[in-house]
Amino acid sequence: VILSFTTFGYAQKNVRIGFLDLDKVLEMHKEYATSNQELEGKISAWRNEIETKQKELDKQRESLKLERPLLTEEIFEERSEDIGFEQDKLDQYIEKRFGTEGDWIKQKVLLAQPAQDEILTAIKEVADDRNLDYVFDSTADILVLHSEKKYDISNLVIRYIEIEDKK
């Protein structure tokens, strides 16, 4: 009988839940903002490089199209193959930079990882301090229909990170 009451008592333990606006925390984090700007700079440079090469290939195609009546079939085919080869190289470069396993994804992970680790540590510390059992990201794909403002720990996490940065 005592064992069943003890088990019942543990089963009725209150679950403490906190919510967090991760986008807000990331926006306020200086290192994350800096790494994001650095990544955007790299992406912009890659895009400019790709656009330049694509414009050059388009000009070559247009030039070949205009010269078509003056060229033999052999020369036309050779130039077409050269342009096709260059286009394939450009497509491979685009895949290397922006593909599913491209440099863009790798750089995003590499540059953001330190900031994300710091934010995760801050979340864990605030959750431990508040005795929270679960912390949910209110901007994620979970459905949060309502939550009290007092359960939002975003500002606490931001303050924790700012204090740690000052140390």
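Everything here concerns the structure above.
Residues numbered from 1 in each chain as written. Predicted model: local features only at pLDDT ≥ 70, side-chain atom pairs only at ≥ 80, totals over all residues. Heavy atoms only, no water.

S.K.: I'm lost on unusual backbone geometry in this one. Help?
M.R.: Despite not being glycine, Asn 131 shows a phi value in the positive range, around 55°. Here Asn 131 lies in the loop between α5 (103-129) and β2 (134-137). (Helix = DSSP H or I, 4+ residues; strand = E, 2+ residues; numbered from the N terminus.)

S.K.: Is there a simple way to think about the pattern of salt bridges in this case?
M.R.: Side-chain pairs of opposite charge can arise where the charged atoms are in close proximity. On inspection of all chains with the given rule, the structure shows 6 salt bridges. Note that Lys 53 and Glu 49 form a salt bridge whose closest N and O atoms lie 3.6 Å from each other. Of the two residues, Lys 53 and Glu 49 are both situated in helix α3 (residues 30-67); the distance of 4 residues between them amounts to about one turn of the helix. Under the relative-accessibility criterion, Lys 53 is labelled partly exposed at 36%. (Salt bridge = Lys/Arg side-chain N within 4 Å of Asp/Glu carboxyl O. Buried < 20%, exposed > 50% of the residue type's maximum accessible area, 1.4 Å probe, protein only.)

S.K.: Can you walk me through the nonpolar core in this structure?
M.R.: A general feature of soluble globular proteins is that nonpolar side chains tend to end up buried together. Grouped together as the largest cluster of nonpolar side chains are 16 residues, with contacts concentrated most on Leu 20, Val 25, Ile 119, Ile 153, Val 157 and Ile 161. Those elements that place two or more of their residues in this core are α2 (22-28), α5 and α6 (154-166). Considering each element in turn, this core owes the most residues, 7 residues, to α5. Ignoring anything within four residues of it in the chain, the contact list for Ile 119 reads Leu 22, Val 25, Leu 26, His 29, Val 157 and Ile 161. Ile 50, Leu 71, Tyr 93 and Leu 111 belong to the second-largest nonpolar core, a separate cluster that totals 12 residues. (Core = buried A, V, L, I, M, F, W, Y, C linked by side-chain atoms within 4.5 Å. Contact = heavy atoms within 4.5 Å.)

S.K.: I tried to follow the packing of α3 against helix α4 (residues 73-98) on my own but got confused; where do I start?
M.R.: What describes two packed helices is the angle between their axes and the distance between those same axes. Across the interface, α3 lies against α4 with an axial gap of 11 Å and an inter-helix angle of 165°. It follows that α3 is roughly antiparallel to α4 by the angle criterion. Viewed along their axes, α3 and α4 form a crossing whose handedness is left-handed. Contact residues: α3 offers Ile 43, Trp 46, Arg 47, Glu 49, Ile 50, Lys 53, Gln 54, Leu 57, Gln 60, Arg 61, Leu 64 and Glu 67, while α4 offers Phe 76, Arg 79, Ser 80, Ile 83, Glu 86, Gln 87, Leu 90, Tyr 93, Ile 94, Arg 97 and Phe 98. Looking at the contact of α3 with α4 residue by residue, the class counts come to 11 nonpolar, 4 polar and 8 charged. (Axes fitted to C-alpha atoms, helices over the stretch in contact; angles between N-to-C directions. Parallel < 35°, antiparallel > 145°, perpendicular 65-115°, else oblique. Left-handed = near helix turned anticlockwise from the far one by under 90°. Nonpolar A, V, L, I, M, F, W, Y, C, P; charged D, E, K, R; others polar.)

S.K.: Looking at this model, I keep getting lost on the packing of α3 against α5. Mind explaining?
M.R.: Where α3 meets α5, the axes come as close as 9 Å, and the angle between the chain directions of the two elements is 170°. In terms of their interaxial angle, α3 and α5 are classed as roughly antiparallel. Facing Glu 31, Tyr 32, Ser 35, Glu 38, Leu 39, Lys 42, Ile 43 and Trp 46 of α3, the residues of α5 in contact are Asp 103, Trp 104, Gln 107, Lys 108, Leu 111, Ala 112, Pro 114, Ala 115 and Glu 118. Each residue belonging to the contact of α3 with α5 can be placed in one class, and the counts come to 9 nonpolar, 2 polar and 6 charged.

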